[in-house]
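# Residue-level structural notes
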Amino acid sequence: MLDVTEEMDSPTFKSDTVLSDVHLHCPNKRHLMVRLNAVGQPVFLSYFKLLWNTEDSLSEKHVREATTERELQYQSGDELCDKDRNNLKKERELINREGVEALLDEDGDLEVVRRPRSASDLEAEDLLRDRVCPVILMKGKEDAFEDEEECTRSDVVKIEHTMATPLEDVGKQVWRAAFLLADYILFKRDMFRCCSVLELGGGTGITSIIMGTVAKRVYCTDVGEDLLAMCEQNVTLNKHLMEAGRGEVKVKELDWLKDEFCTDPEAPYSWSEEEIADLHDHCTVIIAADVFYDDDLTDALFRTLYRITHNLRNSCTVYLALEKRLNFTLRHMDVTCEAYSHFRNTLNDLESLQDRKIKYVVEPVKLDFCQFLVYERMEQLELWKITAEQLT
């Protein structure tokens, strides 16, 4: 008989698997392994913190924390030269008397006096580097996770996910473009308030969950019973985030390779006729994040977009978030991004369509909006807006 505990304690990342940078660069906290899924993959629980009020108080908070940190270093025995000590004293007086503005230069940047770094500091940094440390949660062990009190906090999103999956299971991981789209939703939350939304390729459901905090109803769709069950579990874990706005997230199956919705009442995550009618009558926003990595699937997604937008009663706005992934190919003997190139070509084809019913207008969205989740907003990340305007 297989020892499940031993299996979960020693997860191996095979050469034919891919691992999202979101999980690779997770903050230095325990990765909570909660179970094995139906296909034997370890399932982890991660907590993602929402950075509310990013524009209001972060500057003053960082200044005070930096000053307090240097005071503690001095009190713990670190020797400061007279110049540093005088600077520290003056800095504390300036904060108390004039606030943060006293520490700004003419360009508005913070002027923080820093202690020269010693060799011991560098050695300590090496010891504190992030490590992936799976932890098993035993049933009935309520105190197994020290951050349990965060379960119902309004600034924490809890997501069950896998790590290092085959390419066909990448929807079970969390990807950076989903964070980018979530940032945009939170930044433009007044625009999405009370909307009816469809997400294509929802994966773990994190973007739909964020949308559910502001929208009236979100249909989060994907394929695969195991993936959809994980997504539904994540929606349940985060219901407290959606209660304030009375938002609702429904997890449904939607296969881009099929022309019709799954309406078989015996199939899990199938659609009722009422739900299909509700989608067609009220949906005004469609979203998708990090689903453009395979040319055939990209073609299938755009065919699905075309079909659904033509069946909607109202005009619709589509938001597509993605990350350009560069690879060296022997065919080109160069670094290329073939999946991205195919996406752009298909996007241009959609805009060029001569259609008497709908006009598609495509434009990139500037990434100058606030960041509400902790991740690296790389230059390879992009967000595209498609306006599907009804002509008749």
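What comes next is a walk through the structure. Within every chain, residues take consecutive numbers counted from 1 along the sequence as written. A pLDDT threshold of at least 70 governs which residues receive local features in this predicted model, and a stricter bar of 80 or more applies before side-chain atom pairs are shown or counted, although totals over entire chains, interfaces and linings include all residues. Excluded from the side-chain calculations are hydrogens and water; all other atoms, namely the structure's heavy atoms, are used.

Of regular secondary structure, the chain possesses 13 helices and 13 strands. A simple rule labels every residue: compare its accessible area, found with a 1.4 Å probe on the protein chains alone, to the largest value its type can have, and call it buried under 20%, exposed over 50%, or partly exposed in between. Residue burial in the chain is summarised as follows: out of 392 residues, 45% are buried. Counting contacts in the chain only where the partners sit at least 6 residues apart, residues at least 24 apart contribute 73% of the total. All accessibility values rest on the Shrake-Rupley procedure with a 1.4 Å probe; residue burial counts only the protein chains present in the view. Per element, the accessible surface of the chain, about 22,100 Å² overall, is 48% carbon and sulfur. Comment: elements are numbered from the N terminus, with helices defined as DSSP H or I runs of at least four residues and strands as E runs of at least two. What makes two residues a contact is simply this: any of their non-hydrogen atoms within 4.5 Å.

This part takes up the environment of Thr 284. Its location among the elements puts Thr 284 in strand β8 (residues 283-289). Spatially, the C-alpha atoms of Thr 284 and Cys 195 are 6.7 Å apart, while their sequence positions differ by 89 residues. Beyond its immediate chain neighbours, meaning those up to four positions away, Thr 284 contacts Cys 195, Ser 196, Asn 314, Ser 315, Cys 316 and Thr 317.

Turning our eyes to something else, we now look at the pairing of strand β4 (residues 156-161). Where a strand is regular, its side chains alternate between the two sheet faces. Buried residues dominate β4, accounting for six of its six residues. Burial along β4 is two-sided: the face carrying Val 156, Lys 158 and Glu 160 and the face carrying Val 157, Ile 159 and His 161 are both buried. DSSP bridges decide pairing: two strands pair if at least two such bridges lie between them. Sheet topology places strand β2 (residues 42-49) next to β4; six bridges connect them, and they run antiparallel. The residue of β4 that forms the bridge with Lys 49 is Val 156.

Next up on the list: the sheet that holds strand β6 (residues 217-222). Hydrogen bonds along the backbone pair up the strands of a sheet, which may run parallel or antiparallel. Spatial ordering of the open sheet is given by β7-β6-β5-β8-β9-β13-β12, a layout of seven strands whose pairing is mixed. Among the strands making up the open sheet, the edge pair consists of β7 (248-253) and β12 (358-364). The sheet shows a mean angle of 20 degrees between the axes of neighbouring strands, direction not considered. Here strand β5 (residues 196-199) runs beside β8; their pairing, made up of four bridges, is parallel. Note that in β8 the partner of Leu 198 across the bridge is Ile 286. Fitted lines through C-alpha atoms give the axes, limited to the stretch in contact for helices. The angle between two N-to-C directions lies from 0 to 180 degrees. In the packing of helix α11 (residues 273-282) onto the sheet, the strands contacted are β5, β6, β7 and β8, and the crossing angle to β8 comes to about 100 degrees. In the packing of helix α13 (residues 338-352) onto the sheet, the strands contacted are β9 (316-323), β12 and β13 (381-390), and the crossing angle to β13 comes to about 20 degrees.

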